[in-house]
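Structural description and commentary
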Amino acid sequence: GVCWQHLWESVGSAGKTQKGTIDDSFLTETKNTQNRKLSQKRKTLVSAKVPGAARELPTQGAPPAGPEHRFYPGAEAAAHQREKIRALEPLKAKLITVNEDCNERILAMRAEERYEISMLKREKMNLLKLIDKKNEEKISLQSEVSKLRKNLAEEYLRYLSERDARKILIADLNELRYQREDMSLAQSPGIWGEDPVKLTLALKMTRQDLTRTQMELNTMKANFGDVVPRRDFEMQEKTNKDLQEQLDSLRSDYEEVCKEHEILLQLHMTTLKERDRFHSELQEIQRTSTPRPDWSKCEDVVAGGPDRWQMLAEGKNSDQLVDVLLEEIGEGLLREKDFFPGLGYGEAIPPFLRFDGIVENKKPTKKDVVNLLKDVWKQRLLEEQKEKFPDFFFSFLEHRFGPGEAMAWAYTIFENIKLFRSNEVMSQFYAVLMGKRSESVYIKQKETVAQLLKEMTNADSQNEGLITMENLSTVLKSTFPFKKEEKIQELMEAGGWHPNSSNADLLNYRSLFIEDEEGQSMPFVQKLWEQYMDEKDEYLEELKQELGLELDDEVTLPKVREALMNIDPSLDKRTLNGYLSWAFQLPMTELPEEGEEKEEGIVVQLKIALQRLQMTDIRRMGSREQEPAS
């Protein structure tokens, strides 16, 4: 009974140990208790194995009666004890595990407490040092204050003594002055005949006047001791004003220099980025570039021999030569075709190509195609331009070749203009026909060329077809007032000017506008077209910079209107509405007026708006206002 009671007490104490922290002495006592119980169990087993021991067991202290506390004699008791021992083995292992876990927790907590104690001690030492430092500062300040007080008291006493001495000195001076006056009066020969009372009264009044005058003089000195003369003040004021103006001028110059410095820094950073980008591109080109091809090998392959190849390759780079070579190869393949397969009636197919079956290849020459396209443009300019350009193109073919041949000619012309991209007439017609460019671009370009020719003809007073280089420069500057000087110089060079030319040199201006049989313009007109496209790109880039948005951002109609007016203040209302109509794909009649509420609801992606403006004729109408100088 005592053994089981100790065991249950041990189990209870183990459960309490899992919930909280236990002491090392208590753990040691628990281990001793377990050892005593095991020794008692061994003694019980030994006594159970002795014969007759069951009959000699004392009854005092026996377990209570009942099935659970029944006493088992002999072998049954031994078996029962072994079962109890086996049942208590897991509890023993659990107690050992709990003991180890508790020991580890106690050690961890003690280590943590030691760390916290050390940190608190360190913080305490730092605070004590800080307190000592503050006390030293306090003592130093107190000593300084006491020293200042002592100095102040000494100065105050010296001031009092000086004030008293000054008063005494003034009184002595007055007394001496009075005595001297009395002696001078006494020694004067005319004074003896005067009345002494009258003289005494006059002396008294004079002394009072002197005292009053002395007080007024002292008051004036006290009140106006720090006052400077007006002349000095005006001179100082003038000097101060001049210095202030110089300071303002220097400050404005400094701000301007700072702005220029920032601009130069930005330019420097941009230049560095461009240098790095060019360097990386150079390295990439050096890594991936292939040897330059020997274009002279094409002389024997291209129809027409070396002479025609030299004419085709003149003034072209490698990329353009590849296009020329592909056009020559494609031209041969195109002439070998007798029929074209129809593209069907899908929505993605242009209206003038919607056909099932095969159509005949008319096999015209490039000259025939160019002449036909010029006739299309002439007829288009005569029409009122009410129908869409693709529909007008097919109607023209029906009128020219008849309804039965119109589809064959449509396919033939389409394949030719799609192939010959280097031809100006074909490439421009293809861009307008496929909706990649507005026909107003072509029309405006032709009007500009006609205007230039007219101005040069007016400058030709003798009607000989010749003008001087000076006349050419004047005509270009009057026709294009917003072009930069270097752009005018490029047009002059394309027209035949060179550094050795003089202003009196004559130029056959009509030769600048001649086209060959395939519609190719002279370098002057080509340079005019290149400059127009470059100026359009610069204009749109300036618009993008003014908006300050990314290409994927959305932009509203009022912002585009404001940005256009900022970069080009000379835009008239009709032209501005035309640009907005193209950018937002709205009819002119549906554009809201400036200030209306529904303006904010009209949005489009900036990238799409710029692409639409790239398709139409957009150009600068005036110079941008210069920012006021600082």
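Everything numeric here is computed off the predicted structure, so don't read it as measured data. (Residues numbered from 1 in each chain as written. Predicted model: local features only at pLDDT ≥ 70, side-chain atom pairs only at ≥ 80, totals over all residues. Heavy atoms only, no water.)

1. With respect to the UniProt feature "coiled-coil region" (unreviewed entry) in the chain
Worth spelling out the cut-off: UniProt positions are given in the numbering used here, feature names are shortened, and annotations may be inferred rather than shown by experiment. Secondary structure elements follow DSSP: runs of H or I of four or more residues count as helices, runs of E of two or more count as strands, with numbering from the N terminus.
As recorded in UniProt, the feature "coiled-coil region" (unreviewed entry) lies at residues 117–151 and 233–260. Within residues 117–151, the helical portion is 100% and the strand portion 0%, while the C-alpha atoms at the span's ends are 51 Å from each other. Secondary structure content for residues 233–260 is 100% helix and 0% strand, and the end C-alpha separation is 40 Å.

2. Observations regarding the pattern of salt bridges
The following threshold applies: A side-chain nitrogen of Lys or Arg and a carboxyl oxygen of Asp or Glu constitute a salt bridge if their distance falls within 4 Å. Each residue's exposure class comes from its accessible area (1.4 Å probe, protein chains only) as a fraction of the maximum for that residue type: buried when under 20%, exposed when over 50%, partly exposed otherwise.
Counting across every chain of the model gives 22 salt bridges. For Asp164, the salt bridge is made with Arg163, and the minimal N-O distance between the two is 3.9 Å. For Asp164, a relative accessible area of 38% corresponds to the partly exposed category. Looking at Arg163, the relative accessible area reads 37%, which means it is partly exposed. Note that Lys527 and Glu530 form a salt bridge whose closest N and O atoms lie 3.4 Å from each other. Taken as a pair, Lys527 and Glu530 lie in helix α15 (residues 523–547) at a separation of three residues, close to a single helical turn. Overall, the relative accessible area of 25% leaves Lys527 in the partly exposed class.

3. Observations regarding the packing of helix α17 (residues 573–584) against helix α18 (residues 606–615)
Worth spelling out the cut-off: What counts as an axis is a line fitted to C-alpha atoms, over the stretch in contact for a helix, and the angles between N-to-C directions run from 0 to 180 degrees. An angle below 35 degrees is read as roughly parallel, one above 145 as roughly antiparallel, one from 65 to 115 as roughly perpendicular, and any other as oblique. A crossing counts as left-handed when the near helix is turned anticlockwise from the far one by less than a right angle, and as right-handed when that turn is clockwise. Here a residue-residue contact requires only that any non-hydrogen atoms of the pair lie within 4.5 Å. Only Asp, Glu, Lys and Arg are considered charged in this grouping, and only Ala, Val, Leu, Ile, Met, Phe, Trp, Tyr, Cys and Pro are considered nonpolar; every other residue, Gly among them, is considered polar.
Running from N to C, α17 and α18 cross one another at 125 degrees; their axes reach a closest spacing of 7 Å. With respect to their mutual orientation, α17 and α18 come out oblique. α17 and α18 meet at a crossing whose hand is right-handed. Touching Tyr579, Trp582, Ala583 and Phe584 of α17 are Ala609, Arg612, Leu613 and Met615, all from α18. Looking at the contact of α17 with α18 residue by residue, the class counts come to seven nonpolar, no polar and one charged.

4. Description of the packing of helix α12 (residues 439–459) against α15
Interaxial distance between α12 and α15 falls to 12 Å at its minimum, and their mutual angle equals 130 degrees. One element, α12, and the other, α15, form an angle in the oblique class. Considering only the axes of α12 and α15, their crossing is right-handed. Facing Val441, Gln445, Thr448, Val449, Leu452 and Met456 of α12, the residues of α15 in contact are Phe524, Val525, Leu528, Trp529, Tyr532 and Lys536. When grouped by side-chain class, the residues that make up the contact of α12 with α15 number nine nonpolar, two polar and one charged.

5. What to know about a negative patch on the surface
Put simply, the test is: Patches here are clusters of residues that have more than 30% relative accessible area and form no salt bridge, with a 9 Å joining cutoff for like charges and a 5 Å cutoff for nonpolar side chains (Val, Leu, Ile, Met, Phe, Trp, Tyr). Throughout, the Shrake-Rupley method with a 1.4 Å probe supplies accessible areas, and for residues the shown protein chains are the sole cover considered. Counted charges follow a simple rule, with Lys and Arg positive, Asp and Glu negative, and His plus the chain ends left uncounted. To locate a charge, take atom NZ for lysine, CZ for arginine, CG for aspartate or CD for glutamate.
A surface patch of negative charge is lined by Asp534, Asp537, Glu538 and Glu541. Within the secondary structure, Asp534 is located in helix α15. Looking at Asp534, the relative accessible area reads 37%, which means it is partly exposed.

6. Digging into unusual backbone geometry
Excluding glycine, residues mostly carry a negative phi; peptide bonds, for their part, are mostly trans. In this model, Lys363 sits at a positive phi of 50 degrees, which is unusual for a non-glycine residue. The residue Asn463 is not glycine, and still its phi comes out positive at about 55 degrees. Summarising the element assignment, Asn463 is placed in the loop between α12 and β3 (466–468).

7. Remarks on helix α10 (residues 403–419)
The test is simple: Helix span is expected to be 1.5 Å times the residue number reduced by one.
Counted at 1.5 Å a residue, the expected span for α10 with its 17 residues is 24 Å, and the 25 Å between its end C-alpha atoms agrees. Listed in full, the buried residues belonging to α10 are Ala406, Met407, Ala408, Trp409, Ala410, Tyr411, Thr412, Ile413, Phe414, Asn416 and Ile417. Of the surrounding elements, those touching the buried residues of α10 are α7 (318–336), β1 (339–341), β2 (358–360), α8 (366–382), α9 (389–401) and α11 (424–433).

8. Points about the environment of Glu455
Basically, it comes down to this: Any N or O atom pair separated by 3.5 Å or less is treated as a polar contact, with the protein-specific requirement of one donor-capable and one acceptor-capable atom, and with residues adjacent in sequence counted only for side-chain atom pairs.
By the secondary structure assignment, Glu455 is in helix α12. Residue classification places Glu455 among the partly exposed positions, given a relative accessible area of 26%. Along the primary structure Glu455 and Leu472 are separated by 17 residues, whereas in three dimensions their C-alpha atoms are 9.4 Å apart. In this view, Glu455 contacts Val475 and Thr479; residues no more than four positions away in its chain are not counted. At 2.9 Å, the side chain of Glu455 forms a polar contact with the side chain of Gln451.

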